[in-house]
Amino acid sequence: MSSGALDTLPGWARTLLAEARVGHLGLVDADERPRVLPVTYVLADDGALWSAIDHKPKRRPPARLRYLARRPDASLTADRYDEDWTRLAWVQVLGRVEILERDVSGSEAALAGLAR
């Protein structure tokens, strides 16, 4: 997901996106039902959000790729829970997803972030 709007986020929201370990990807499935899937992701230096598809034995292609290929509009929500409710926070980014099949050249920093 990429959007110039990430530059307009308040500092705390951008920090939360950068530091969260898991996000929740919201999308619409083939039957027009809403789905929310946990994903790992990284916020790249250029403001793009990257998530990888692993090689676990799942249906091919994985459901989220099928859903996103059909309807690439999605949301990513990152949140922070704390017993101290004054520290609760969440941020949601809306955008279009681009699925990169193989050629991710020039994206080494984002790939390194995902590996971490």
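Residues numbered from 1 in each chain as written. Predicted model: local features only at pLDDT ≥ 70, side-chain atom pairs only at ≥ 80, totals over all residues. Heavy atoms only, no water.

Asks: Explain the overall build of the protein to me, and be specific about the residues and the numbers.
Replies: Within the protein, the secondary structure is distributed over three helices and six strands. The proportion of buried residues among the 116 residues of the protein is 34%. Here the analysis covers contacts within the protein between residues at least 6 apart in sequence; of these, 56% occur between residues at least 24 apart. Only carbon and sulfur atoms are counted for the fraction: they give 53% of the accessible area of the protein, which is about 8,100 Å². (Helix = DSSP H or I, 4+ residues; strand = E, 2+ residues; numbered from the N terminus. Buried < 20%, exposed > 50% of the residue type's maximum accessible area, 1.4 Å probe, protein only. Contact = heavy atoms within 4.5 Å. Areas by Shrake-Rupley, 256 points an atom, 1.4 Å probe, with all protein chains shown as cover.)

Asks: Residues and numbers for the pairing of strand 1 (residues 23-28), please.
Replies: Burial analysis of strand 1 places five of its six residues in the buried class, which makes it a mostly covered element. One ladder, built from six bridges, connects strand 1 with strand 2 (residues 34-39); its direction is antiparallel. Paired with Leu27 across the bridge in strand 2 is Arg35. The turn linking strand 1 back onto strand 2 is made up of five residues, and Glu32 within it adopts a positive phi angle of 65°. As paired elements, strand 1 and strand 5 (residues 73-80) share three bridges and run antiparallel to each other. (Pairing = 2+ DSSP bridges.)

Asks: Tell me about the nonpolar core, and name the residues and values.
Replies: Counting residues in hydrophobic clusters, the biggest one holds 19 residues, and the most contacted among them are Leu17, Tyr41 and Leu49. Elements with a contribution of two residues or more to this core: helix 1 (11-19), strand 1, helix 2 (63-70), strand 5 and strand 6 (89-96). Ala44, Ala48, Trp50 and Ala110 belong to the second largest nonpolar core, which has five residues in total. (Core = buried A, V, L, I, M, F, W, Y, C linked by side-chain atoms within 4.5 Å.)

Asks: Go over the pattern of salt bridges with me, naming the residues and quoting the values.
Replies: Using the criterion set out here, one finds seven salt bridges in the structure. The partner of Arg70 in a salt bridge is Glu32, with the nearest N and O atoms 2.1 Å apart. Pair noted here: Arg70 is in helix 2 and Glu32 is in the loop between strand 1 and strand 2, with a separation of 38 residues, a long-range link. Between Arg71 and Glu32 there is a salt bridge; the shortest N-O distance is 2.7 Å. Taken together, the residues Arg71 in the loop between helix 2 and strand 5 and Glu32 in the loop between strand 1 and strand 2 connect sequence positions 39 residues apart. One salt-bridge network, held together by shared partners, links Asp29, Asp31, Arg33 and Arg35. (Salt bridge = Lys/Arg side-chain N within 4 Å of Asp/Glu carboxyl O.)

Asks: Would you mind going over helix 1 in detail, with residue names and values included?
Replies: Of the residues making up helix 1, those classed as buried are Ala13, Leu16 and Leu17. For helix 1, the arc enclosing every buried residue in end-on projection is 100°, short of the 170-degree limit, so these residues lie on one face. Across helix 1 from its buried face, at more than 90 degrees, point the exposed residues Gly11, Trp12, Ala18 and Glu19. (Arc of directions from axis to C-beta.)

Asks: So what about helix 2? Which residues, and what values?
Replies: For helix 2, the full list of buried residues reads Arg64, Leu65, Tyr67 and Leu68. Along the long axis of helix 2, the arc covered by the buried residues comes to 165°, so they all point the same way. In this structure, the buried residues of helix 2 make contact with strand 1, strand 2 and strand 5.

Asks: Break down the side chain of Thr77 for me, citing the residues and quoting the values.
Replies: Here Thr77 is to be found in strand 5. For Thr77, a relative accessible area of 16% translates into the label buried. Within the structure, Thr77 has its side chain in polar contact with the side chain of Gln92 (distance 2.9 Å). (Polar contact = N/O pair within 3.5 Å; in protein donor to acceptor, adjacent residues only side chain to side chain.)

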